[in-house]
Amino acid sequence: MLCLRDYQDKSLLSLRQGFIDGYKTLILYMPTGGGKTESAITLLVATAKKGKKAAMVMDRRILVDQTSQRLDKYGIDHGVLMADHWRWRPQEDIQICSAQTLEKCEYFPKLDLIIVDECHTVRKSVSDFIKNTGVRSIGLSSSPFTKGLGKLYEDVVCDVTTNELVNDGSLVPLRIFCAKEIDMTGAKKVAGEWSQKESTERGIKITGDIVTEWVKKTHEFFDKPEKTIVFCAGVAHGEDLQKRFQESGYNFVSISYRDDNQYKKDVIEEFSKPDSDIVGLIATDILTKGFDVPDVKIGISARPFTKSFSSHVQQMGRVMRSFPGKDFALWLDHSGNYIRFQDEWEELYSNGVSTLDDGKEKPKPEPSDKEKEVAKCPKCQFLWPPKSDICSNCGHVRERKNDVIIKAGELEEINGASKKEKYSSEFKESFYRELLKYADDMGYNSGWAYYKYHDKFKIYPSWKKEKAEYVSQEVMNYIISQNIRYAKRRRA
Ligand SMILES: [Zn+2]
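Parameters at a glance
Residues numbered from 1 in each chain as written. Predicted model: local features only at pLDDT ≥ 70, side-chain atom pairs only at ≥ 80, totals over all residues. Heavy atoms only, no water. Donors = N, O, S within 2.8 Å, 3.2 Å for Na, K, Ca; no water. Tetrahedral: all angles 85-135°; square planar, octahedral: opposite > 155°, others 65-115°. Buried < 20%, exposed > 50% of the residue type's maximum accessible area, 1.4 Å probe, protein only. Core = buried A, V, L, I, M, F, W, Y, C linked by side-chain atoms within 4.5 Å. Helix = DSSP H or I, 4+ residues; strand = E, 2+ residues; numbered from the N terminus. Domains from an automatic or database assignment. Contact = heavy atoms within 4.5 Å. Pairing = 2+ DSSP bridges. Axes fitted to C-alpha atoms, helices over the stretch in contact; angles between N-to-C directions. Parallel < 35°, antiparallel > 145°, perpendicular 65-115°, else oblique. Left-handed = near helix turned anticlockwise from the far one by under 90°. Nonpolar A, V, L, I, M, F, W, Y, C, P; charged D, E, K, R; others polar.

*Asks:* In this structure, what is going on with the coordination of the zinc ion? I would like to understand it.
*Replies:* Tetrahedral coordination by four donors sets the ideal angle at the metal to 109.5 degrees; octahedral coordination by six donors sets it to 90 or 180 degrees. Only Cys-377 (SG), Cys-380 (SG), Cys-391 (SG) and Cys-394 (SG) from the protein coordinate the zinc ion, and they sit 2.3 to 2.4 Å from it. One can describe the donor arrangement at the zinc ion as tetrahedral, given that its four donor atoms subtend angles of 104 to 113° at the metal. Donor residues for the zinc ion, ordered by position in the chain, follow C-x2-C-x10-C-x2-C. What makes Cys-391 buried here is its relative accessible area of 2%.

Right, here's the structure in full:
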């Protein structure tokens, strides 16, 4: 049967305690590779043992069969709630279904627990079901940052961080190179995110650079072509990349939502083989869920996001799976996403998730050229290590430029006008903690403090979310002055 790791046991205890405390809807956060599905299966079995009914809702149909096979592997009786499915067994206590089934299915058993896989993708059918039935619900996610989650789920359980999983060897660390970037200056947005059409057109302009960079890096680090996933900007970009990689003698295959399911299944199956003929898989968004090929050693990020931190996190999670002989994975960033989301990623990496913040996914302010420049080694483009003047990849020693200071986890640009406003890290930390205290007193969520802090210092806080004992006059004055400015702007 299933043998859970310590933090998985701990997570299940936290969920149980949450329900005892009166919560009805909770999210279980675990990084990709943390074993969310095993934890969920344990919960399903525990519920069924008590003679109660539980269902697990998968985000896509293809994942229903995968999960059903997994249950079979463990010898767990279950049914699949799809009218035409060979495993239609409505009398079973454990049921697997897809979000689409919830929409269409006329028959649905009365449930005691529903588990929603990949709950950061909010489906109306699932939300409606949870609201209408009032059933105890657990959402599973490794990136619970999408808008609306905080309205559906009351709290989040997080008992393990990416950092801890890297330290215990369950995941491998990323070595990050900030390579030539797709230029998104002035690109159009659709619903706050850069349009796929624009990113595709702009992505194609640097296809040659992406191929050249990959050829160089795979030989430099592995002495041979290593298994790679490319997250491209759109279908045409994927096709262009496939052509250019193949012209250079490397078998890269592009798949997208336009290909039929059988073809995609065959390609992924071939790519999953240890001695696969396919070196690289080029994907238009679809690999971000339920895809598991742990021997991939290189990830290429070539789909710029301005707000979708979730997608960025999911993509990195694809290449961080551990595998025998894999000590690290290379992350070749052509999208600018790494630096754009660096603060949030470092916070998530070290501290996990503590609140469900409805407003977290907002378009990110673009880092300035100078911030981008100081974030990487000028010689090899390796992400510059914190608190250091020496590149940990190539050993390049950086000249101390007097107007640029780098600190752990944050980039600070100190020049011209902002030079006068130079704050110590103690000051900034206590400022953040006092904002948290104010937010708590006012009943705001911690995201409010997060954005107020950004308004003030132009960077996101990297401090722990520990609120101060009291709010000083200085912070109070700042909040009041901001409120006045805001009110003026609204009147204007
Ligand atoms: Zn370097």
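*Asks:* Just to check I follow, could you spell out the nonpolar core for this structure?
*Replies:* Side chains of a nonpolar character, in soluble globular proteins, are inclined to be buried together. In this structure, Ile-115, Ile-138, Tyr-153 and Trp-345 are the most contacted members of the largest nonpolar core, which totals 90 residues. The dominant element in this core, judged by the number of residues it contributes, is helix α2 (residues 36-49), at six residues. When we break this core down by domain, the ones giving at least three residues each are domain 1 (6-160) and domain 2 (166-366). Non-local contacts of Tyr-153, meaning those with residues more than four positions away in its chain, are made with Thr-25, Leu-26, Ile-27, Val-116, Cys-119, Ile-130, Ile-138, Gly-139 and Leu-356. Listed in part, the 30 residues of the second largest apolar core include Ile-182, Met-184, Phe-222 and Phe-328.

*Asks:* What is the right way to read the pairing of strand β4 (residues 94-98) from this model?
*Replies:* The side chains of a regular strand alternate between both faces of the sheet. Taking burial as the measure, the five residues of β4 include five buried ones, the bulk of the element. By the alternation rule, side chains of β4 split into Ile-94, Ile-96 and Ser-98 and Gln-95 and Cys-97, which are all buried. Summarising the sheet, strand β3 (residues 79-80) and β4 pair through two bridges and their orientation is parallel. By the bridge assignment for β4, Gly-79 is matched with Gln-95.

*Asks:* Would you mind showing me how to read the packing of helix α9 (residues 207-222) against helix α10 (residues 235-247) here?
*Replies:* Packed helices, taken two at a time, are described by the angle between their axes plus the distance between the axes. The contact between α9 and α10 brings their axes to 10 Å, and the two run at 50°. The orientation of α9 relative to α10 falls into the category oblique. Crossing of α9 against α10: the hand is right-handed. Mapping the contact onto sequence places Thr-207, Gly-208, Ile-210, Val-211 and Trp-214 in α9 and His-237, Asp-240, Leu-241, Arg-244 and Phe-245 in α10. Taken together, the residues of the contact of α9 with α10 sort by class into five nonpolar, three polar and two charged.

*Asks:* For this particular structure, what's the right way to read the sheet that holds strand β6 (residues 136-141)?
*Replies:* Paired through their backbone hydrogen bonds, the strands of a sheet run either parallel or antiparallel. If you walk across this open sheet you meet the seven strands as β3-β4-β2-β5-β6-β1-β7, and the pairing is parallel. Strand pairing shows two members of the sheet lacking a second neighbour, β3 and β7 (155-158), which therefore form its edges. Each of β1 (25-29), β5 (113-116), β6 and β7 is contacted by helix α1 (residues 6-20), which is oriented at about 165° to β1, the strand it contacts most. Contacting β1, β2 (54-58), β4, β5 and β6, α2 crosses the sheet at an angle of about 155° to β2.

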